Amino acid sequence: MQQPEQLTSLLESLASLKLTLVALVLFAALVVLIYVRDDLPSALLAAPLGLLSANLLAAILGNRSFRRQAALLVFHLALLTLVLLLAASRLSYLKGSLELTEGEEFTGTLLESDAGPFHPIDTLRALRFGNLGFRIDYAPGPLRQGIRNQIEIRGPGAVPHRIEITDQKPLILSGYRFYPTGNKGFAPSFNWQPTGGGEARIGTVHLPSYPLHEHGQAREWTPPGTALRIWTMLEFKETILAPDRWSEFRPPKEHRIVLRIGAQRWELVPGGIVDLPEGRLEYRGLRGWMGYTVFYDWTIPWLLAACLVAIGALGAHFWSKFANKPWNA
Amino acid sequence: MSAVLPAPTVTRRLALAWFSLGLTALGLSAMFAVILVVARTPFLGQGAGLFRTALVLHVNLAVLVWFLSMAAAIWILSGDIRGNVGWPAFWLAALGSAAMVASGFSQQALPLLANYVPLLDHELFMAGLASFALGIGIAAAAGLAVWHRRPPTTLHLAAGAAMMALAVAAVVLVTGFMAGTATPTGVQIGIDDRLWGVGHSLQFVHVLLLMGAWTALGEAALETTPRLRRLLPWLILGTLLPAAGGALLAMMHGPGTVEYRNGFTELMRWGSWPAPLLFAAGLAIGLLRVGRHRRLNADELGLALSLFLFAAGCLLGANIRGESLAVPAHYHGTVGAITLAYMLWLRRIGVDLGVASDARSLRLPSIYGLGIICLVAGLAVAGELGVPRKATHADLGVDSTAYFATMGAAGIGGFLALVAVAGYAVLTAAGLLEALSPRKPGARRDLRLPAIVLALTLVIGGGLLLDRMPGGNNEKLATEAHVQEMKLKEINTRFQQGLVMLHARQYDHALTAFHRVLQLSPAMPEAYVNAGFALIGMKRFREAHDFFEGATALRVRQVNAYYGLAIALEGMHELPAAIAAMETYLHLTKADDPYRRKAEAAIWEWREALRDKP
């Protein structure tokens, strides 16, 4: 007989409103800490959320008033689901970014990412799609209008087919949402042939975002298998995005690429070649690159469903309360 | 007279559980049908991504789970099946049904729109279907084992005949899946071929039990037609015998063969409807006689609608030409007749079993019947206009006034029927659950379990629905593309098989292959032409003529169709028309066509034959 009493006592302690307050304060403190300090993972929030879940579950199990008030019980169960889903979300979410040159394929690698400890990263690594090109119009100002990005979905398990994504309409693959962003720019393409007959490599250099860094279109990079540091700058006189009329983001019609290695300097147009002791560098032409943000959180539709159920149940509970006892009775 | 035989408590609870499963399936099928109606109705219609998955689940829940759960409940009540066999059978069927529905939410579950038993290509769906079939099979076997213990009333006879028909369907199902991967002539056997026989055999189960439902509902009408009452056992036997022929057919011929396919088609075409239609006509006369003395009650009005729907469905079935909306018009007529009869019957049985009846549900079956009549009429007229089946409004892109009027009527009828079914399912299920509850009268009710079930159902169901909401999910486009690719692959394989069979003079197998091609791609003139040549090989000139005409209607410059048409007309001894068709062929064909000289020789020969005629 002692065991059920101990269990009831434990349940009462766990259902305590004081514990609710402690969990909420802990939750708020962690939110502030994670916001202020970049090195703290948001998965830490799962701890106070778990405590809140246990607190709520104990209240549901122990409070007798729930047994005859179905709507109130449904509301609290929806609330419990909500808290558990939030905890699950912090443990399994992913946020990240990537950049793809026009014609390049996504091979599962992100530039930056922030993910929960239980995020299934292998799913992301298996995804394949190609950036076929994009168009961005600018209103006078210049003010960026909507992005229209042509994408080819290639796998896994999909028949290759093309779609268009925009700022509001992402590419969704296996629950990952890829949004095109205003972070885009120019990408000179080079062919690098190492001296001694090694394999030729084609690659692009993503210059800083345009027009954000309009006057800083330069970047330093290293050809594969060498220690060279090549400073590369895009130079053109044309106004791409005019402040007084509608225009479109596009590569300049005439441009030069300035290369510098130490004191040596070269100016190249498409097809131009630089012979170096380590190999031959050929400038192939200028393309655009697009930056994407990627977001994954499987809990979102379930969170919305739980919210709707909670709102509906609370509404039903108060409806029945007011219907039974009118305020002016 | 009672709607069923009185049953002890154990049997009563088991039967109520089966009724609850059937009602849940009916309610869920209505939910999935909402997606179908929205996608089919011109003013609402969007090519919803869920259309084909919803179609598969709607058909399986409405025609398999709802009908067969009702059948199992009736078998349990009429056979007094005990819980030690009955409950495992019930749980197998219930868990199987749940698995089938759950599989619909998987992105990998690709719909296969096979005839009679459409499927989702997913292990969970297949396992669920097998589990459900096993549960129903056990219920029928247990019922058959104790069937002889009860006095042989007409209702008992109909229930027994339906169990025997299900046993036949089980034999057909097993033989269908025991067959190898190809027919003796090398034609691949697909899942549609394997389910063809059992799909047809199940129709006999449904009509036999429909006759049972009509017997219970039309008691007053039968009182006024004593000859019909005497004839009734023979009518039941007249439906059971052709059903039994299915077992013989399955043992003699393997799935995928022409004999198998045509055999089951003919069996259903000539065996399944005459006796029920005769019974319906007799009951209609009986109802008219009853109506002369008093006003018909709600159940009798519903029965009249059920009889009308069945007759309409049979008439529309006789008028089917090709793969148009006339096909769903036909089966919504017959299926609607059964659903309506079961809705009325279930309410009557519920009263007999002590289930509280909600007065608000009294008129709902008749409202459902009127809605279905409107739907059937709309689909039938649209079928006459040549609108193809298994496609959404967005797929079709038709904008004629007649199309909008007929499909609009079908949509309104569909919505009316769905609202009535949903209301009926909720109100009746509430009564059934109350009756199943072990709570003692007067005890305060603990609402925790229902609240937990409700909260979980709403959150899980809502989450799944939001997760699979069409629009913006590019993977669904990929899935659609995959389905299309699979379809094209099968069309190509079947077409090549047909050509090989045609050249090998295996005309019946060639015809089977081209028939399948036309099911998958109804607007393919090449398949019409080759099916026509297969029919010429089988000396079925009139049918061949129709196929060649079909090909030219689809593509005016389908040159070889005119050649075939001329040969078919020659076979029909219509030489002037044959000459005209062959001249059209010569006019359209190239100068170096290898058949040109044969065509010229044929024209010369036919002209000589006409000259020689007196």
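Residues numbered from 1 in each chain as written. Chains lettered and ligands numbered in written order. Predicted model: local features only at pLDDT ≥ 70, side-chain atom pairs only at ≥ 80, totals over all residues.

**Looking at the overall build of chain B**
Within chain B, the secondary structure is distributed over 23 helices and two strands. If you take every contact in chain B between residues at least 6 apart in sequence, the share linking residues at least 24 apart comes to 76%. (Helix = DSSP H or I, 4+ residues; strand = E, 2+ residues; numbered from the N terminus. Contact = placed C-beta atoms within 7 Å.)

**Looking at the overall build of chain A**
Tallying secondary structure elements over chain A gives six helices and 16 strands in all. Considering chain A as a whole, with its 329 residues, one finds that 28% of them fall into the buried category. Excluding contacts between residues fewer than 6 apart, the proportion of contacts in chain A whose partners are at least 24 apart in sequence is 56%. (Buried ≥ 20, exposed ≤ 12 C-beta atoms within 10 Å, placed from the backbone.)

**Overview of the environment of A:Phe249**
All names here are of chain A. Considering the arrangement of structural elements, one finds Phe-249 in the loop between β12 (247-248) and β13 (256-261). The class of Phe-249 is buried, set by 22 C-beta atoms lying within 10 Å. When the C-alpha atoms of Phe-249 and Arg-135 are compared, they prove to be 6.8 Å apart, with 114 residues separating the residues in sequence. Not counting residues within four places of it along the chain, the set of residues in contact with Phe-249 comprises Ile-136, Tyr-138, Ile-240 and Leu-241.

**A look at the sheet that holds strand β10 (residues 218-221) of chain A**
Residues and elements named next belong to chain A. Taken together, the four strands give an open sheet; going across it, the order is β10-β11-β13-β14, and neighbouring strands pair in antiparallel fashion. Both outer strands of the open sheet, β10 and β14 (264-268), are each paired with one neighbouring strand and no more. Between one strand and the next, the sheet's axes are offset by a mean angle of 20°, whatever the strand orientation. Bridge analysis of β10 against strand β11 (residues 230-235) gives four bridges, and the strand direction is antiparallel. By the bridge assignment, Trp-221 is partnered in β11 with Ile-230. (Pairing = 2+ DSSP bridges. Axes fitted to C-alpha atoms, helices over the stretch in contact; angles between N-to-C directions.)

**Section: the packing of helix α10 (residues 274-293) of chain B against helix α11 (residues 298-318) of chain B**
All names here are of chain B. Following both chains from N to C, one finds α10 and α11 inclined at 145°, their axes separated by 10 Å at the closest point. Where α10 crosses over α11, the handedness of that crossing is left-handed. Residue-level inspection shows Pro-276, Leu-277, Ala-280, Leu-283, Ala-284, Leu-287 and Val-290 of α10 in contact with α11, the latter providing Glu-300, Leu-303, Ala-304, Leu-307, Phe-310, Ala-311 and Cys-314. Class assignment of the residues belonging to the contact of α10 with α11 gives a composition of 13 nonpolar, no polar and one charged. (Left-handed = near helix turned anticlockwise from the far one by under 90°. Nonpolar A, V, L, I, M, F, W, Y, C, P; charged D, E, K, R; others polar.)

**Let's talk about the nonpolar core**
All names here are of chain B. Ranked by internal contacts, the top residues of the largest apolar core, which has 154 residues, are Ala-162, Ala-165, Leu-208 and Ala-341. Of all the elements, helix α2 (residues 51-79) adds the most residues to this core, at 22 residues. Setting aside its immediate chain neighbours within four residues, Ala-341 contacts Leu-210, Ala-213, Trp-214, Leu-217 and Ser-306. Val-517, Ala-566, Ala-568 and Ile-579 belong to the second-largest nonpolar core, a separate cluster that totals 37 residues. (Core = buried A, V, L, I, M, F, W, Y, C linked by C-beta atoms within 7 Å.)

**Remarks on the pairing of strand β4 (residues 128-139) of chain A**
Pairing of strand β2 (residues 105-106) of chain A with β4(A), which is carried by two bridges, proceeds in the antiparallel orientation. Bridge pairing links A:Phe106 to A:Phe129 in β4(A).

**A look at the packing of helix α8 (residues 226-252) of chain B against α10(B)**
All names here are of chain B. Where α8 contacts α10, the axes come no closer than 9 Å and their chain directions differ by 160°. Compared by their axis directions, α8 and α10 come out roughly antiparallel. For the pair α8 and α10, the sense of crossing is left-handed. Residues Leu-228, Leu-232, Leu-235, Gly-238 and Thr-239 of α8 pack against Ala-275, Pro-276, Leu-278, Phe-279, Gly-282 and Gly-286 of α10. Here the contact of α8 with α10 is built from residues that sort into seven nonpolar, four polar and no charged. (Parallel < 35°, antiparallel > 145°, perpendicular 65-115°, else oblique.)

**Some words on the environment of B:Val376**
Residue and element names in this part refer to chain B. Positionally, Val-376 belongs in helix α13 (residues 364-384). On the neighbour-count criterion, Val-376 (27 C-beta atoms within 10 Å) is buried. Once the C-alpha coordinates of Val-376 and Gly-333 are considered, the two residues, 43 residues apart in sequence, prove to be 6.2 Å apart. Setting aside its immediate chain neighbours within four residues, Val-376 contacts Ala-312, Ala-329, His-332, Gly-333 and Gly-336.

**Considerations on unusual backbone geometry**
All names here are of chain A. That bond from Gly-141 to Pro-142 is cis: its omega, -5°, falls within 30 degrees of zero. Cis geometry is found at the peptide bond from Tyr-210 to Pro-211, where omega equals 10°. Summarising the element assignment, Pro-211 is placed in the loop between β9 (201-204) and β10. For Ser-174, which is not glycine, the phi dihedral falls at a positive 45°.

**Structural notes on the pairing of β13(A)**
Residues and elements named next belong to chain A. As paired strands, β11 and β13 are joined by five bridges and run antiparallel to one another. Counterpart to Glu-235 in the pairing with β13 is Arg-256. Pairing of β13 with β14 involves five bridges; the strand directions are antiparallel. Bridge assignment links Ile-261 to a residue of β14, and that residue is Gln-264. Between the end of β13 and the start of β14, which pair antiparallel, lie two residues, with Gly-262 showing a positive phi angle near 60°.

**Some points on the confidence of the model for chain B**
When pLDDT drops low, the exact placement of atoms in the prediction is not to be read closely. Residues and elements named next belong to chain B. With 86% of its residues at a pLDDT of 70 or more, chain B has an overall mean of 83. Of all secondary-structure elements in chain B, the lowest mean pLDDT belongs to helix α14 (residues 393-396), at 48, while α10 reaches the highest, 92. This stretch, residues 44-48, has a pLDDT under 50; its non-local contacts, to residues over four places away or in other chains, come to 18 contacts. For this predicted complex, the interface score ipTM comes out at 0.73, alongside a pTM of 0.62. (pLDDT = per-residue confidence, 0-100.)

**Overview of the environment of B:Phe125**
Residue and element names in this part refer to chain B. One can find Phe-125 in helix α4 (residues 123-146). Placed 68 residues apart in sequence, Phe-125 and Leu-57 show a C-alpha to C-alpha distance of 9.9 Å. With near-sequence residues (within four places) excluded, Phe-125 lies in contact with Met-100, Ser-103, Ala-109, Leu-119 and Leu-120.

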